[in-house]
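Coordinate analysis (summary)
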Amino acid sequence: MRPLLLVALLIMDSWMNPAAADIDCSTVASLASSCSDYVMYGSRNAAVDSPCCNALDSLHNIASEPEDRRDVCKCLVGLMSMYSPNLTAVVGLPSLCEVPLGIPLDPRANCDLIP
């Protein structure tokens, strides 16, 4: 499953929004893949594993400016649209990992409205 996910992420990167020049979607996809098992299949444990939370923290750090947040949001919207994850799990990640993203985690989000 993971090799297929990587190939799909690389293909997606080639067609994602070209305006996202500062934030590369392959970086966002790589970080998001750390949480793929949790957001796709759920978890038996109450907490997300550390690599996932570390990746979320990295997303928070690279999305420090409004334009960066919009770019990361567009990448995440593309990923969510492509993979249809468990949205309840996705939305709960920032709280579970105690990382304030400042990015809507919704496949229908209008990322251009992020201040």
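The text that follows walks through the structure, step by step, so that each part is easy to find. Every chain is numbered on its own, with residues counted from 1 as its sequence reads. Confidence filtering applies because this is a predicted model: local features only for residues at pLDDT of at least 70, side-chain atom pairs given and counted only at 80 or more, and all residues used for totals across whole chains, interfaces and linings. For the side-chain quantities, the full set of heavy atoms in the structure was used; hydrogens and water were omitted.

Next up on the list: the packing of helix α2 (residues 25-33) against helix α4 (residues 50-62). Think of two packed helices as two axes; the pair is described by the angle between the axes and how far apart they sit. Angular values range over 0 to 180 degrees, each being the angle between N-to-C directions of two axes fitted as lines to C-alpha atoms, with helices fitted over their stretch in contact. Numbering of helices and strands runs from the N terminus, with a helix taken as a DSSP run of H or I at least four residues long and a strand as a DSSP run of E at least two residues long. Axis separation between α2 and α4 bottoms out at 8 Å; the angle between their running directions is 155°. Relative to α4, the element α2 lies roughly antiparallel. Seen from above, α2 lies across α4 with left-handed handedness. Packed against α2, whose contacting residues are Thr27, Val28 and Leu31, the element α4 presents Ala55, Ser58, Leu59 and Ile62 at the interface. Should an angle fall under 35 degrees it is called roughly parallel, over 145 degrees roughly antiparallel, and 65 to 115 degrees roughly perpendicular, with every other angle called oblique. Two helices that cross are described as forming a left-handed crossing if the nearer one is turned anticlockwise from the farther one by less than a right angle, and a right-handed crossing if clockwise. In this description, contact between two residues means that some pair of their heavy atoms is separated by no more than 4.5 Å.

A separate point is the pattern of salt bridges. By salt bridge we mean one thing: a side-chain nitrogen of Lys or Arg within 4 Å of a carboxyl oxygen of Asp or Glu. Evaluated as defined, the whole model comprises three salt bridges. Close ionic contact of Arg108 with Asp106 constitutes a salt bridge, the shortest N to O distance being 3.4 Å. Under the relative-accessibility criterion, Asp106 is labelled partly exposed at 24%. Throughout, exposure labels follow a simple rule: accessible area from a 1.4 Å probe, protein chains only, divided by the maximum for the residue type, with under 20% read as buried, over 50% as exposed, and the rest as partly exposed.

When the sulfur atoms of two cysteines come within 2.5 Å, that pair is taken as a disulfide. Applying the stated criterion across every chain yields a total of four disulfides. Residue pairing for Cys53: its cysteine sulfur links by disulfide to Cys97, the two sulfurs lying 2.1 Å apart. Where Cys53 bonds to Cys97 through sulfur, the torsion about that S-S bond is close to -70°, and the disulfide is left-handed. Of the two residues, Cys53 sits in helix α4 while Cys97 sits in helix α6 (residues 87-97), which places them 44 residues apart along the sequence. Across this residue pair, the class does not change: Cys53 and Cys97 are buried. Across the disulfide from Cys73 sits Cys111; the S-S distance is 2.0 Å.

Taking 1.5 Å per residue, 13 residues should reach 18 Å; α4 reaches 18 Å between its end C-alpha atoms and fits that length. Structurally, α4 contributes buried residues whose contacts are with α2, α5 (66-83) and α6. Given a helix with a known number of residues, its expected span is that number minus one, times 1.5 Å.

A separate point is α6. Because an α-helix packs 3.6 residues into every turn, residues spaced three or four apart end up facing the same way. Of the positions making up α6, those classed as buried are Ala89, Val90, Leu93, Pro94 and Cys97. For α6, the arc enclosing every buried residue in end-on projection is 150°, short of the 170-degree limit, so these residues lie on one face. Residues of α6 that are exposed and point more than 90 degrees away from the buried face comprise Thr88 and Ser95. Looking at the packing, one finds that the buried side of α6 touches α3 (36-41), α4 and α5. Distance and chemistry together define a polar contact, namely a pair of N or O atoms within 3.5 Å, with one atom able to donate a hydrogen and the other to accept it when in protein, and with adjacent residues in sequence counting only for side-chain atoms on both sides. Capping the start of α6 is the job of one residue whose side-chain oxygen sits 2.9 Å from the backbone nitrogen of Thr88: Asn86. A positive backbone phi angle near 55° is found at Glu98, which sits one or two residues after α6. Here the arc refers to the set of directions running from the helix axis out to each C-beta atom.

So far we have only geometry, and geometry alone does not tell us how the molecule works.
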